[in-house]
Amino acid sequence: MQAMNDHHQPPLDLPALFHAQHTASRALIDVPLAWRLERLQRVQHLVETHGAALADAVQADFGVRSRQLTDVADHFVLLAAIGQLKKKLPRWMKPQRVSTPLYLQPATAHIQRQPLGVVGVIGPWNYPLQLTLGPLVAALAAGNRVMIKPSELTPQSSALLADLLHAVFPADEVVVVQGGADVAHDFASLPFDHLFFTGSTAVGRKVAEAAAKNLTPTTLELGGKSPCIVDASCAAGSGLADAALKVAHGKLLNAGQTCIAPDYILLPKGREAEFEQAYAHSVARLFPTIGGNPDYASIVTDRHHARLTDLLDEAQKLGATVRELVPVAVSSGIANKSMPSSAGGQKSLKIEGHPRQMTPTLVFNPPAHSRLMTEEIFGPILPVLTYTTLDEAIAHINARPRPLALYWFGTDTAARDRVLNRTVSGGVTVNDTLLHIAHDNLPFGGVGESGWGAYHGEAGFLRFTQQKPVLVQSRWAMGQLFYPPYGQRFEQVMGLLKRWL
Ligand code: NAD
């Protein structure tokens, strides 16, 4: 791999790398369909051929992160996106005819779809392939050149990604720039035609600031606290068991390090014990063991792990009830036992296996001002808040920044519609978690503090496309009737036109 690095890693001269892409993007604007398809094919081949090596690199970066998780959440999602782009691109690229209002006829009009030019992509560490290659393929499909800055917290995946992309793309088509916050800051300061950022809200602000200096438009795919409402209509027994299983899956996939993971639960008051039991059972079903379980991801770094244990400790000191779901072997199989925690998150360190495989935890009624309830959690800790009326739950959500995702479980469709109509979030899945992100015909993105702009499917293609309006005048046009000098003729024609509106 070192040899590949030597050959294909360009020197880190950001302005020069940008200049090469910028010049190439202006020299050829009308990028043919065949070229775009061929570029997509190169990325597809890369994922298909080197998927296992990429998954190994992600695993090495995390400590524990199963190949299957990378396969479903990174590779499958990417291959599905490429498949859709290849199928739909011929239609999406075409000029789009629009109807012309009577007062402009017989002119005709259409929207011409053109590449923006040079797109910058800054990625996070949690799904390091999907969240760099996903924007890449949408931008390539739209005919752009792309510079990628992957996360410094997944150095092995970032290095391999760079080697693989540099082996199949010239630097003026696709280039990967590696480095930490300093490089990221300089990267965000380049005068891109569009800058696509996935990461935290705090860094998103800095990116928006740097881009504004160049009037570079941005897409900000940020995070936040995504609520999950369990409705009163979610039946005791199988209804709640099903909801708890789906919440546990959404929360514990990648050990909670997922932007759209349910951050906290809003539960009808009085159902806490029932939910605790159902959730503990679900955790046991998904992850019969925690420490040493290759299916259960570790927290990405010691710093992130320490932050999570601090959140737990603080919540406990502030009076919240913390329940660690410690796996316990029983004769009929493996079950989880819900254990009151006396030492906050420190207990998780005692479990055998990787030291950063953190025990799933429920936290009942943490105070509103605790860090657990003011910061995005991004780990396997699930706070449970209770409500008495649905209006109270809705008011709780609306009093906080608009979330990236919202989840609702129940059977009462009127209650469901009240929540859908009276809350605003980046996206919603009803009676499940996470899945709206996987639907290619749904735009994916945030709103307010969870970000702006959306991609996936046609929304992604259009994100990186200039939709240029073109009006084609007819030789039979009557526009001169409106030219000065203004007089009686103008008044008569204007009067007539106003009657047609
Ligand atoms: P982060 O904001 O710490 O880092 C993301 C990227 O920003 C990294 O590549 C980093 O090098 C770069 N960066 C750091 N300082 C910068 C600066 N001054 N200017 C420009 N770039 C800079 O985020 P993270 O910890 O990697 O990822 C976790 C966060 O990302 C969570 O908040 C999560 O919700 C969010 N996220 C959002 C989505 C989404 O699709 N909305 C997806 C995944 C993760």
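Residues numbered from 1 in each chain as written. Predicted model: local features only at pLDDT ≥ 70, side-chain atom pairs only at ≥ 80, totals over all residues. Heavy atoms only, no water.

Comments concerning the layout of surface pockets
And step 1. The calculated volume of the second largest pocket comes to roughly 280 Å³.
And step 2. Taken together, 16 residues line the second largest pocket, and the ones lying closest to its centre are Tyr103, Gln105, Met478, Gly479 and Phe482.
And step 3. Top element by residues in the lining of the second largest pocket is helix α16 (residues 488–500). It accounts for four residues.
And step 4. Residue composition of the lining of the second largest pocket, by class: 13 nonpolar, three polar and no charged. (1 Å grid on protein atoms, 1.4 Å probe; cavity = no way out; pocket = protein on both sides within 12 Å on 5 of 7 lines; lining within 4 Å. Points joined across faces, edges and corners; volume = space filled by probe spheres on them. Helix = DSSP H or I, 4+ residues; strand = E, 2+ residues; numbered from the N terminus. Nonpolar A, V, L, I, M, F, W, Y, C, P; charged D, E, K, R; others polar.)

Notes on the packing of aromatic side chains
And step 1. Applying the stated criterion across every chain, the model contains 11 aromatic pairs.
And step 2. Relative to Tyr455, the ring of Phe196 has its centre 4.7 Å away and its plane inclined at 70 degrees; by these criteria the two rings are edge-to-face. You can see Phe196 sitting in strand β6 (residues 194–198) and its partner Tyr455 sitting in strand β18 (residues 454–455), a full 259 residues away along the chain. The pair Phe196 / Tyr455 is uniform in exposure class, with both members buried.
And step 3. Plain terms: the ring middles of Phe275 and Tyr279 are 5.7 Å apart, the flat faces sit at 20 degrees to each other, and that makes the pair stacked. Residue Phe275 and its partner Tyr279 are both found in helix α10 (residues 272–286); the two are separated by four residues, about one turn of the helix. The pair formed by Phe275 and Tyr279 is uniform in burial state, with each residue classed as buried.
And step 4. Connected via pairs of aromatic rings, a cluster forms that spans Phe18, Phe187 and Phe192.
And step 5. Its guanidinium or amino end placed over the ring of Trp476, Arg475 lies 4.7 Å from that ring's centre, counting from NZ or CZ. (Phe/Tyr/Trp six-rings, centres within 6.5 Å; stacked < 30°, edge-to-face > 60°. Buried < 20%, exposed > 50% of the residue type's maximum accessible area, 1.4 Å probe, protein only. Lys NZ or Arg CZ within 6 Å of the ring centre and 35° of its normal.)

Some thoughts on the sheet that holds strand β2 (residues 108–115)
And step 1. What the three strands build is an open sheet, ordered β1-β2-β19; its pairing is antiparallel. A single partner strand is all that each edge strand has here, and the edge strands are β1 (96–98) and β19 (465–472). Across the sheet, the mean angle separating the axes of adjacent strands is 25 degrees when strand polarity is ignored.
And step 2. In this structure, β2 lies alongside β19, joined through eight bridges in antiparallel fashion. (Pairing = 2+ DSSP bridges. Axes fitted to C-alpha atoms, helices over the stretch in contact; angles between N-to-C directions.)

Some words on the domain arrangement of the chain
And step 1. According to the domain assignment, the chain contains domain 1 (6–222 + 453–467) and domain 2 (227–441).
And step 2. Computed from C-alpha coordinates alone, the two centres of domain 1 and domain 2 are separated by 32 Å.
And step 3. Taken together, the 19 residues of domain 1 in the interface contact 24 residues of domain 2.
And step 4. With both chains or domains summed, domain 1 and domain 2 bury close to 1,600 Å², and 54% of this area falls on carbon and sulfur atoms.
And step 5. It is Phe62, Val64 and Trp125 in domain 1 that bury the most area against domain 2; as a group they hold 32% of the surface buried on that side.
And step 6. The interface formed by domain 1 and domain 2 includes zero salt bridges.
And step 7. Remark: the boundary between domain 1 and domain 2 carries nine residue pairs in polar contact (both at pLDDT 80 or more).
And step 8. At the level of secondary structure, the elements contributing two or more residues to the side of domain 1 that touches domain 2 comprise α3 (33–62) and α4 (67–93).
And step 9. Looking at the side of domain 1 that touches domain 2 element by element, the count peaks at five residues for α4.
And step 10. Considering only residue class, the side of domain 1 that touches domain 2 consists of nine nonpolar, seven polar and three charged. (Domains from an automatic or database assignment. Contact = heavy atoms within 4.5 Å. Buried area = accessible area lost by both parts, 1.4 Å probe. Salt bridge = Lys/Arg side-chain N within 4 Å of Asp/Glu carboxyl O. Polar contact = N/O pair within 3.5 Å; in protein donor to acceptor, adjacent residues only side chain to side chain.)

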